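# Architecture at a glance
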Amino acid sequence: MRAYKYNNSLIAGTVCAGGSLGTIIPPTVIVVVYAALAQQSIGALFAAIIFPGILMLSLFATYIIVRCWLRPQDGPVSTIVDDDKPFALKIRITLKALVPPLLLMFAVLGSLLGGIASPTEAAAVGVAGAVILAIINGGITISSLTDSLSLTVRITSMILLIVAGGTMFTGIFAVNGGGEMVSAIANGLGGGTAGVILFFLAVTFLLGFVLDWTSIVLICVPIFTPVIKQLGIDPIWFATLVLITIQTSYLTPPMASSIFYLKSIAPSDITYGQMCKGVLPFIAVQLLTLAIVVLFPTMATWLPDKIVGF
């Protein structure tokens, strides 16, 4: 994009927003942690966020297309030069790069969403597929295998410690009447069930300015879950709303993870201010997606009902 002189804000916003999609596009660690803390089905949550994720991706693309159409200087038309590769070769290279990872992804998610495998068994399918692909591509060595196993242990330990901490926090919070207090505050604001949902989402959104997703999930989920169950709100739908809201934390300064990551590798002429300006339209798109899922709950509940049966 820099080679074709794209607008710096558009570059930063596109990269940061695209990176944040990992929060809502399966498979994602945040869903596993959320489901464990809320005692919900991982498969059902994976199924629930697929349509909202596709919707958000489509809205991102639509925004970029419309902006470049209205302001051609932000995204100049590119021209292909020195490209003498035959079309058949391009197709072959593309398929070789895309098909194996896509097959692996569908094998993992398909076995999980189809009820063929549990989350642990689906993970084993993913490991087996990744090892096979690594062997085929000649990329597996003793060193890489050791590093992979070490990273797996660290990530698993992190998730289990988060779940353990959340469970202890929930127990202490509940014993001391925390659930009743939160419920009383939410109901005291008025608006009934809708008011409670909006209050919880607003709290999650505001926390996203100063905390990362791990802290937000660990603090909020144990507090929200009992109240949501008490009010009879669909837990899968509510979880989807919270996950979409948490995704905004990747783009909302000052604790915007995506901006920090990009700033560490971006050229010096792409400033922090340009990055913050660039993500604002994408934050608006995320909130638009949230509003659509609020108004049309079946976007989050239809697929789990059809595939997972929850």
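Look up: the structure comes first, before these words.
The following refers to the structure shown. Each chain carries its own residue numbering, running from 1 in the direction its sequence is written. Whole-chain, interface and lining totals are the exception, using all residues; otherwise, since this is a predicted model, local features are given only for residues with pLDDT of at least 70 and side-chain atom pairs are given and counted only at 80 or more. Only hydrogens and water are set aside; all other atoms, that is, all heavy atoms of the structure, feed into the side-chain values.

### Some details on the packing of helix α2 (residues 29–38) against helix α10 (residues 213–231)
Cut-off, in case you're wondering: Here an axis means a line fitted to C-alpha atoms, over the contact stretch when the element is a helix, while the angle between two N-to-C directions is reported on a 0 to 180 degree scale. Counting from the N terminus, the helices are DSSP H or I runs at least four residues long and the strands are E runs at least two residues long. Small angles under 35 degrees read as roughly parallel and large ones over 145 as roughly antiparallel, with 65 to 115 read as roughly perpendicular and the rest as oblique. Two helices that cross are described as forming a left-handed crossing if the nearer one is turned anticlockwise from the farther one by less than a right angle, and a right-handed crossing if clockwise. We call two residues contacting when some pair of their heavy atoms lies within 4.5 Å. Under the scheme applied here, ten amino acids are nonpolar (Ala, Val, Leu, Ile, Met, Phe, Trp, Tyr, Cys and Pro), four are charged (Asp, Glu, Lys and Arg), and all others, including Gly, are polar.
Put simply, α2 and α10 touch, their axes get as near as 9 Å, and they point 40° apart. Classified by the angle between their axes, α2 and α10 sit oblique to one another. Relative to α10, α2 is oriented so that their crossing is right-handed. Facing V29, I30, V33, Y34, L37 and A38 of α2, the residues of α10 in contact are W213, V217, L218, V221, T225 and K229. Class assignment for the residues of the contact of α2 with α10 results in 10 nonpolar, one polar and one charged.

### With respect to the packing of aromatic side chains
Applicable threshold: In this analysis, rings of Phe, Tyr and Trp, with Trp reduced to its six-membered ring, are considered paired at centre separations within 6.5 Å, and the interplanar angle assigns stacked below 30 degrees, edge-to-face beyond 60, and tilted for intermediate values. In this scheme, a residue with accessible area under 20% of its type's maximum is buried, one over 50% is exposed, and one in between is partly exposed, where area comes from a 1.4 Å probe on protein chains only.
Inspection of the entire model under this criterion finds eight aromatic pairs. Arranged with centres 5.2 Å apart and planes meeting at 80°, the rings of Y63 and F282 form a pair that is edge-to-face. Of this pair, Y63 sits in helix α4 (residues 50–70) while F282 sits in helix α13 (residues 272–295), placing them 219 residues apart in sequence. Classification of F282 by relative accessible area gives buried; the value is 1%. Plain terms: the ring middles of F200 and F224 are 4.1 Å apart, the flat faces sit at 20° to each other, and that makes the pair stacked. Pair noted here: F200 is in helix α9 (residues 192–207) and F224 is in helix α10, with a separation of 24 residues, a long-range link. Classification of F224 by relative accessible area gives buried; the value is 6%. Among the aromatic residues, those joined into a ring-pair cluster are F199, F200, F224 and F238.

### Here's the deal with helix α1 (residues 8–20)
Every α-helical turn comprises 3.6 residues, leaving residues that sit three or four positions apart pointing alike. Condition: Helix span, as expected, comes to 1.5 Å for every residue beyond the first.
Look at α1: 18 Å from first C-alpha to last across 13 residues, which is about the 18 Å you get at 1.5 Å a residue. Of the residues making up α1, those classed as buried are N8, S9, L10, I11, A12, G13, C16, A17 and S20.

### Examining the packing of α1 against α13
Interhelical geometry of α1 versus α13 gives an angle of 50° and a closest axis separation of 7 Å. Classed by the angle they form, the pair α1 and α13 counts as oblique. Of the two possible hands of crossing, α1 and α13 adopt the one that is right-handed. Judged by residue contacts, N8, S9, A12, G13, T14, C16, A17 and S20 of α1 engage Q274, M275, K277, G278, V279, F282 and Q286 from α13. Of the residues assigned to the contact of α1 with α13, the class counts are six nonpolar, eight polar and one charged.

### Looking at the state of the cysteines
Quick note on the threshold: The term disulfide is used for any two cysteine sulfur atoms that are within 2.5 Å.
Considering all chains together, one arrives at zero disulfides under this definition. Lacking any disulfide linkage, C276 is separated from the closest cysteine sulfur, that of C16, by 8.9 Å.

### Focus: the nonpolar core
The test is simple: Only buried residues count toward a nonpolar core, which is a set of Ala, Val, Leu, Ile, Met, Phe, Trp, Tyr and Cys residues joined through side-chain atoms within 4.5 Å.
Grouped together as the largest cluster of nonpolar side chains are 74 residues, with contacts concentrated most on Y34, F200, V217 and F238. Contacts of F238, omitting those with residues within four sequence positions, involve Y34, I197, F200, F224, I228 and I233.

### Some remarks on a nonpolar patch on the surface
Here is the rule: Patch members must show over 30% relative accessible area and no salt bridge, and they are joined within 9 Å when carrying like charges or within 5 Å when they are nonpolar side chains of Val, Leu, Ile, Met, Phe, Trp or Tyr. Exposure was quantified through the Shrake-Rupley algorithm and a 1.4 Å probe, taking into account, for residues, occlusion by the shown protein chains and nothing else. When a carboxyl oxygen of Asp or Glu is within 4 Å of a side-chain nitrogen of Lys or Arg, the pair counts as a salt bridge.
Residues V127, V131, I135, I140, L145 and L149 make up a contiguous nonpolar surface patch of roughly 490 Å² in combined accessible area. Of all the secondary-structure elements, those providing two or more residues to the nonpolar patch are α6 (119–136) and α7 (142–175). It is α6 that contributes the most residues to the nonpolar patch, three residues altogether. On the basis of relative accessible area, V127 is assigned to the exposed category, the value being 52%.

### Concerning the side chain of Q247
Note the following rule: Here a polar contact is recorded for every N or O atom pair within 3.5 Å, except that within protein the pair must consist of a potential hydrogen donor and a potential acceptor, and residues adjacent in sequence are included only if both atoms are side-chain atoms.
Summarising the element assignment, Q247 is placed in helix α11 (residues 235–247). Exposure remark for Q247: the relative accessible area of 0% places this residue in the buried category. At 3.1 Å, the side chain of Q247 and the side chain of S20 are in polar contact. Leaving out residues up to four positions away in the same chain, Q247 has contacts with S20, L21, T23, I24, M56 and Q286.

### Here we look at the environment of L231
Looking at the element boundaries, L231 is found in helix α10. Taking the relative accessible area as the measure of exposure, L231 reaches 29% and is therefore partly exposed. Counting along the chain gives 26 residues from L231 to F205, while the straight-line C-alpha distance between them is 21 Å.

### A look at the pattern of salt bridges
Tallied over the entire structure, the rule returns three salt bridges. Note that D74 and R71 form a salt bridge whose closest N and O atoms lie 2.7 Å from each other. Relative accessible area serves as the criterion here: at 2%, D74 is assigned to the buried category. By relative accessible area, which is 41% here, R71 ends up partly exposed.

### With respect to unusual backbone geometry
The omega torsion of the bond from P253 to P254 falls at 5°, within 30 degrees of zero and hence cis. Among the structural elements, P254 can be located in the loop between α11 and α12 (257–265). Even without glycine at this site, K5 takes up a positive phi of about 60°. Locating K5 in the fold gives a position in the segment before α1.

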